[in-house]
Amino acid sequence: MEQLTVNASRVYDIFIGHGVRDLLSEKLSALFGKVKVCLVCDSNVAPLHAKEALSALEANGFSVENYIFPAGEQSKSPDTLFSLLEFLAEKQFSRKDVLVALGGGVTGDLTGLASALFMRGMHLVQMPTSLLAMVDSSVGGKTAVNLKAGKNLAGVFCQPELVLCDLDYLSTLPQKDFADGMAEVIKYGVIADSALFDLVKDGDVQKNLEEIVTACVRIKRDVVAQDEFDTGERAKLNFGHTLAHAIEKKSGFAVSHGAAVAMGMVAVCAIADANGLSDALTLPAVKAAVEANGLSVTSPFSLPTLYEASIGDKKRSGNTLTLVLPNEIGRCYLKTVSLDAWKELLATWT
Ligand code: MG
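This one's a predicted model, so the numbers in the text were calculated from it and none came from an experiment. (Residues numbered from 1 in each chain as written. Predicted model: local features only at pLDDT ≥ 70, side-chain atom pairs only at ≥ 80, totals over all residues. Heavy atoms only, no water.)

1. Considering the overall build of the protein
Okay, so step 1: The helix and strand tally for the protein stands at 13 helices and 12 strands.
Okay, so step 2: Here the C-alpha atoms of the protein give a radius of gyration of 20 Å, agreeing with the 20 Å that 2.2 N^0.38 yields for 350 residues.
Okay, so step 3: With the C-alpha coordinates of the protein rotated into their principal frame, the extents come out at 60 × 40 × 35 Å.
Okay, so step 4: Looking at the protein alone, contacts between residues at least 24 apart form 73% of all its contacts between residues at least 6 apart.
Okay, so step 5: Carbon and sulfur atoms make up 51% of the accessible area of the protein, which totals about 14300 Å².
Okay, so step 6: Across the protein, the mean location of the 32 positive side-chain charges is 5 Å away from that of the 41 negative side-chain charges. (Helix = DSSP H or I, 4+ residues; strand = E, 2+ residues; numbered from the N terminus. Rg over C-alpha atoms; globule rule 2.2 N^0.38 Å. Contact = heavy atoms within 4.5 Å. Areas by Shrake-Rupley, 256 points an atom, 1.4 Å probe, with all protein chains shown as cover. Lys, Arg positive; Asp, Glu negative; His and termini not counted. Charge placed at Lys NZ, Arg CZ, Asp CG, Glu CD.)

2. A few points about the side chain of threonine 111
Okay, so step 1: The residue threonine 111 is located in helix 4 (residues 105-117) in this model.
Okay, so step 2: Among the polar contacts made by the side chain of threonine 111, one reaches the main-chain carbonyl oxygen of threonine 107 at a distance of 2.6 Å.
Okay, so step 3: Threonine 111 has contacts with Val40, Leu84, Leu99, Val100, Ala101 and Leu124, leaving out every residue within four places of it along the chain. (Polar contact = N/O pair within 3.5 Å; in protein donor to acceptor, adjacent residues only side chain to side chain.)

3. Details of the domain arrangement of the protein
Okay, so step 1: Partitioning the protein into structural domains gives domain 1 (2-172) and domain 2 (179-347).
Okay, so step 2: The straight-line distance from the C-alpha centre of domain 1 to that of domain 2 is 27 Å.
Okay, so step 3: Between domain 1 and domain 2, the residue contacts involve 27 residues of the former and 26 residues of the latter.
Okay, so step 4: Summed over both sides, the interface between domain 1 and domain 2 buries roughly 2400 Å², with carbon and sulfur atoms accounting for 66% of that surface.
Okay, so step 5: Between the two partners, domain 1 and domain 2, sit two salt bridges.
Okay, so step 6: In this structure, the salt-bridge partner of aspartate 136 is lysine 220, at a minimum N-O distance of 2.7 Å. (Domains from an automatic or database assignment. Buried area = accessible area lost by both parts, 1.4 Å probe. Salt bridge = Lys/Arg side-chain N within 4 Å of Asp/Glu carboxyl O.)

4. A look at the coordination of the magnesium ion
Okay, so step 1: Surrounding the magnesium ion are the protein donor atoms Glu184 (OE), His241 (NE2) and His257 (NE2), which sit 2.1 to 2.3 Å from the metal.
Okay, so step 2: The sequence pattern formed by the donor residues of the magnesium ion is E-x56-H-x15-H. A residue pair is termed long-range when its members are at least 10 positions apart, and glutamate 184 in helix 6 (residues 175-192) and histidine 257 in helix 10 (residues 257-274) qualify at 73 residues. (Donors = N, O, S within 2.8 Å, 3.2 Å for Na, K, Ca; no water.)

5. Looking at unusual backbone geometry
Excluding glycine, a negative phi dihedral is what most residues carry, and trans is how most peptide bonds are arranged.
Okay, so step 1: Even without glycine at this site, asparagine 152 takes up a positive phi of about 60°.
Okay, so step 2: Relative to the assigned elements, asparagine 152 resides in strand 8 (residues 150-157).

6. Some thoughts on empty space enclosed by the protein
Okay, so step 1: Taken as a whole and judged by the stated rule, the model has two cavities of 30 Å³ or more.
Okay, so step 2: By volume, the largest cavity amounts to about 90 Å³.
Okay, so step 3: Along the wall of the largest cavity there are 12 residues; nearest its centre are Asn238, Gly240, Thr242, Leu323 and Val324.
Okay, so step 4: Elements represented by at least two residues in the lining of the largest cavity include exactly helix 9 (241-250) and strand 11 (320-328).
Okay, so step 5: Partitioning the lining of the largest cavity into residue classes produces six nonpolar, five polar and one charged.
Okay, so step 6: Here the second largest cavity defines a volume of roughly 30 Å³.
Okay, so step 7: Ala101, Gly103, Gly104, Gly108, Gln126, Pro128, Ala133, Ser137 and Ser138 are the residues that line the second largest cavity. (1 Å grid on protein atoms, 1.4 Å probe; cavity = no way out; pocket = protein on both sides within 12 Å on 5 of 7 lines; lining within 4 Å. Points joined across faces, edges and corners; volume = space filled by probe spheres on them. Nonpolar A, V, L, I, M, F, W, Y, C, P; charged D, E, K, R; others polar.)

7. Re the packing of helix 9 against helix 10
Okay, so step 1: Packing of helix 9 against helix 10 brings their axes to within 7 Å, and their N-to-C directions diverge by 130°. The orientation of helix 9 with respect to helix 10, classified from their angle, is oblique. As helix 9 runs across helix 10, the sense of the crossing is right-handed. The segment helix 9 lies against helix 10, with His241, Leu243, Ala244, His245, Ile247 and Glu248 engaging His257, Ala260, Val261, Met263, Gly264, Ala267, Val268 and Ile271.
Okay, so step 2: Here the contact of helix 9 with helix 10 is composed, by residue class, of nine nonpolar, four polar and one charged. (Axes fitted to C-alpha atoms, helices over the stretch in contact; angles between N-to-C directions. Parallel < 35°, antiparallel > 145°, perpendicular 65-115°, else oblique. Left-handed = near helix turned anticlockwise from the far one by under 90°.)

8. Focus on the nonpolar core
Okay, so step 1: In terms of nonpolar packing, the biggest core is built from 105 residues, with Ile14 and Trp342 touching the most fellow members.
Okay, so step 2: The biggest single contributor to this core is helix 10, with 12 residues.
Okay, so step 3: If you count residues domain by domain, this core takes at least three from each of domain 1 (2-172) and domain 2 (179-347).
Okay, so step 4: Counting 18 residues, the second largest nonpolar core, distinct from the first, contains Phe69, Phe87, Leu99 and Met122. (Core = buried A, V, L, I, M, F, W, Y, C linked by side-chain atoms within 4.5 Å. Buried < 20%, exposed > 50% of the residue type's maximum accessible area, 1.4 Å probe, protein only.)

9. A look at the packing of aromatic side chains
Okay, so step 1: Counted according to the given criterion, the structure contains two aromatic pairs.
Okay, so step 2: The interplanar angle of 85° and the centroid separation of 5.0 Å between the aromatic rings of phenylalanine 157 and phenylalanine 229 together place this pair among those described as edge-to-face. A residue pair is termed long-range when its members are at least 10 positions apart, and phenylalanine 157 in strand 8 and phenylalanine 229 in the loop between helix 8 (209-226) and helix 9 qualify at 72 residues.
Okay, so step 3: Over the aromatic face of tyrosine 169 sits the side chain of arginine 21, whose NZ or CZ is 4.1 Å from the ring centroid.
Okay, so step 4: Seen from the ring of phenylalanine 62, lysine 34 lies directly overhead, with NZ or CZ sitting 4.8 Å from the centre. (Phe/Tyr/Trp six-rings, centres within 6.5 Å; stacked < 30°, edge-to-face > 60°. Lys NZ or Arg CZ within 6 Å of the ring centre and 35° of its normal.)

In structure tokens, the structure reads:
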């Protein structure tokens, strides 16, 4: 088991390992006492893991409720958010009580935002069940729901008070969803950790999961500690994401986030390569790692056609866009370009 501490506006611990779900009752007691717990999960995770978590909490003297919402990105909405808030009010939760998000990114983001809003703030614990949520969304405190105009447009920064990453949850994760998470893992390797990249580049990752997840969380933790509110350094975590968001949007979200991140990383490496902006070994290495992990390297849309969708990204400010480009595997830099220059860069890709 690994333990990492995050020093952000809240100081909190992240536990990573096999079976860390068993720590939940003990940690909740230590942090909050015998409070009421609302376990939030979607309709996929509930039948797999909710009963076990609820029984363990009840056996340890917690009073528990379970809020279940339909699985899928469409639930990351103001409607589901307000249904959850009404549920909490109806069940007479108070700000001393705790929300536990058990699930993937949608569950974590939705529950996090609800925890910030209900009575102006109640306690929050994240228990990610997907690889993507473990290495990305459960740490760092970004919460949001989608609006009609785009993803994650209504949210707040709200750090959890505890994160339990139980790697055993990954054994029930569909292969495709695991590959989605690997896209973000590869991202961390490219931007900050060549040893991590070497560990995952062949796609043979099962035996090193604890080390891999811990390496990713450590990078995210360090970036968040430096730039919690995303005004500088944190932008590096968006490597591959400007084009990924454009691909997701243009596909009507038929292409998943991880799959789009894989394509976005390869595309931005290709752009950097074609313009002498990165080391020549980077593009082939990223391509090979993406493929070895069961992900596609090819965007279904040619890059020039992604321009419009890419400039709607939150990373744009005025007439410029900040790109994350790799110097080499393990090191990256930010480059701010004008929208015209971005359009030209997209056109250089073939
Ligand atoms: Mg992402």
